[in-house]
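A closer look at the structure
This is what each chain is made of:
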Amino acid sequence: MTRIAVIGAGFGGIAVAHLLRRAGFADVTIFERAGDVGGVWRDNTYPGCACDIPAPLYSYSFALNPNWSQRFPPRAEILEYLRGCVRQFGLEGLLRLGTDVTEAAWTGTAWRLSLAGPDGATGTAEFDVLVPATGQLSRPVVPAIPGAGDFAGRVTHTAGWDPGLDVTGLRVGVIGTGASAVQLVPAIAGRAARITVFQRTAPWTLPKPNRRYGRARRALNRALPVLMRASRTGTWWLTVVTGRAVVGHPVARRLVGAISAAQRFVQAGRLRRRVAPDYAMGCKRVLFTGDWYRTLRAPHVDLVTDDILRIAGAGVHTADGAVHDCDLLVYATGFAATEFLTPLRVRGRDGRDLHDEWRDGAYAHLGIAVPGFPNMFLMYGPNTNTGNTSVVYFHEAQARYIVQAVRAIAAGGLLEVRPEVAAEFDAEMQRRLSTSVWTGCTSWYRTGSGRIVTNWPGMAAEYRARTARLAPGDYLAGVTSRR
Ligand code: N01
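Labelled according to an unreviewed UniProt entry, the chain appears under the name NAD(P)/FAD-dependent oxidoreductase, originating from Dactylosporangium salmoneum.

**With respect to helix 10 (residues 391-410)**
Here helix 10 is 20 residues long and its end C-alpha atoms lie 28 Å apart, about the 28 Å a rise of 1.5 Å per residue gives. For helix 10, the tally of buried residues reaches 15 of 20 residues, placing the bulk of the element in the interior. Sitting at the head of helix 10, Ser390 places a side-chain oxygen 3.1 Å from the backbone nitrogen of Val392. Looking one or two places after helix 10, you find Gly412, whose phi comes out positive at around 130°.

**Things to note about the domain arrangement of the chain**
In terms of domain boundaries, the chain breaks down into domain 1 (4-136 + 337-474) and domain 2 (148-331). Using only C-alpha atoms to locate each centre, domain 1 and domain 2 end up separated by 27 Å. Domain 1 puts 44 residues into the contact, and the matching count from domain 2 is 43 residues. Taking both sides of the interface into account, the surface hidden between domain 1 and domain 2 amounts to around 3,900 Å²; carbon and sulfur atoms contribute 58%. Area buried by domain 1 at its contact with domain 2 is led by Tyr46, Asp52 and Arg71, which between them contribute 17% of it. Counting the contacts that link domain 1 with domain 2 gives one salt bridge.

**Here's the deal with the layout of surface pockets**
Over the atoms, a rolling probe the size of a water molecule traces out where space has been left empty. Taken as a whole, the second largest pocket holds about 310 Å³ of empty space. What lines the second largest pocket is a set of 17 residues, and nearest its centre among them are Leu206, Pro209, Leu238, Thr242 and Phe288. For the lining of the second largest pocket, the secondary-structure elements that each account for two or more residues are helix 6 (225-247) and helix 7 (250-267). The element best represented in the lining of the second largest pocket is helix 6, accounting for four residues. Each residue belonging to the lining of the second largest pocket can be placed in one class, and the counts come to twelve nonpolar, three polar and two charged. Both of domain 1 (4-136 + 337-474) and domain 2 (148-331) provide at least three residues apiece to the lining of the second largest pocket.

**Quick notes on the state of the cysteines**
Tallied over the entire structure, the rule returns one disulfide. A sulfur-sulfur distance of 2.0 Å marks the disulfide that ties Cys283 to Cys441. Between Cys283 and Cys441, the S-S torsion sits near -110°, and that sign places the bridge as left-handed. Placement of Cys283 in the loop between helix 7 and strand 12 (287-288) and of Cys441 in the loop between helix 11 (419-433) and helix 12 (460-467) is noted, with a sequence separation of 158 residues between them.

Criteria and cut-off values
- Residues numbered from 1 in each chain as written.
- Predicted model: local features only at pLDDT ≥ 70, side-chain atom pairs only at ≥ 80, totals over all residues.
- Heavy atoms only, no water.
- Helix = DSSP H or I, 4+ residues; strand = E, 2+ residues; numbered from the N terminus.
- Expected span 1.5 Å × (residues − 1).
- Buried < 20%, exposed > 50% of the residue type's maximum accessible area, 1.4 Å probe, protein only.
- Polar contact = N/O pair within 3.5 Å; in protein donor to acceptor, adjacent residues only side chain to side chain.
- Domains from an automatic or database assignment.
- Contact = heavy atoms within 4.5 Å.
- Buried area = accessible area lost by both parts, 1.4 Å probe.
- Salt bridge = Lys/Arg side-chain N within 4 Å of Asp/Glu carboxyl O.
- 1 Å grid on protein atoms, 1.4 Å probe; cavity = no way out; pocket = protein on both sides within 12 Å on 5 of 7 lines; lining within 4 Å.
- Points joined across faces, edges and corners; volume = space filled by probe spheres on them.
- Nonpolar A, V, L, I, M, F, W, Y, C, P; charged D, E, K, R; others polar.
- Disulfide = S-S within 2.5 Å.

If you want it as structure tokens, here you go:
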């Protein structure tokens, strides 16, 4: 029986484990270092955290949910959806919660995992196939600001928010204006005494067309699942328009740019110029929001656009000489997305270290297979992020591809992608990305050297088509007949 290890029980890990089981592979183990499933939706508990992709598309095509309360549901609902999927797919028995995989080493015939269990116990276990599904946004980044270590107040990163933290009456400083900040700030504005938002780069935004799904709509969904399918398809076509804008289609770009400008014009008032982005739309993630600008205009909210120089005592010092005193400092400063699989140590054939292989930036054939690492297939690997549609769509494409790979392995052998195939794919990615909108600014899509390692350069449908069938010729002959 083919033994399969999946690392991570977020959207990616749950999808691949389910499709593998559905394809008849019973020996699947899902290692999850936390005590619950859910990935980013378990970890991000900051107020306002919600989906910014419409839920009909931000869910599995094979598990449409009739019960969403709204089009952009809050994180608790998404987490509950994922827990429900685990139950519905019967995956509970496969989960090893509280178990950290610290190292994965290819022995020549299998993957040997080093494990650190919930009670501090360590051990090893062997598997024929390894599927890391550790995500791209799991490692928070806190910038090195001089004096930050001695800040006199309380400090948190958005991804480390303590659900018990009460901001009532506090002076809150929020560093960053990405997707997390844009959700957090409006959500706490009603309680905080004062909020200072430190903006280094103004984001591009679009209106968030949220709407509640009432009881009648939910009942209809249950009675007529075709309605959910139609809603998903409609949402898909909407993201095709925004997607085309981001990948450079001139008409779509002008249309979406005009909507964004109109939103700023109507909602930002006197702040209009200070919140105008100075880079091409789509270079950083476009943010969906209905209340960001209105919140920034509130009398007790300050938008600070001068650079942060240092932190001393309870004050954040900025380049204009001002000192902004805060009781709570929130780093809404994002994630180390380009450091795939960190801190997991992965040793492939002949002892090669995956992070050495990736020293110039992560790459993988179709974002899934890395030469020298037989029988290892990545979920949400390099160059498979999308700035404009649902990553869940990509997860499903990867999971289906991995099922085919595991079938080939079960039929007798190893699968190791040809180095020249992976190199050619990587060259194509980098060639296409070199003329993409993402080269025009710094973002979590790029490494320090500027290489874009997270994003897929085209439309999602192209990714789906290219992963639909595993081409045996992409894999080394000979190694496929080990057994
Ligand atoms: O992080 P970010 P995020 N001084 O990296 C600023 C997903 N997500 O957590 O642009 C001052 O986007 C930085 O400024 P700049 C989504 O994919 C999804 O908000 O580098 N500022 C930027 O403004 C998203 O894209 C949902 O100049 C500093 C901010 O911090 C991804 O997560 C919800 C700074 C970081 O923005 C990450 O979003 C939430 C410094 N030293 C998040 N360092 C959904 O709803 C950094 N910044 C699905």
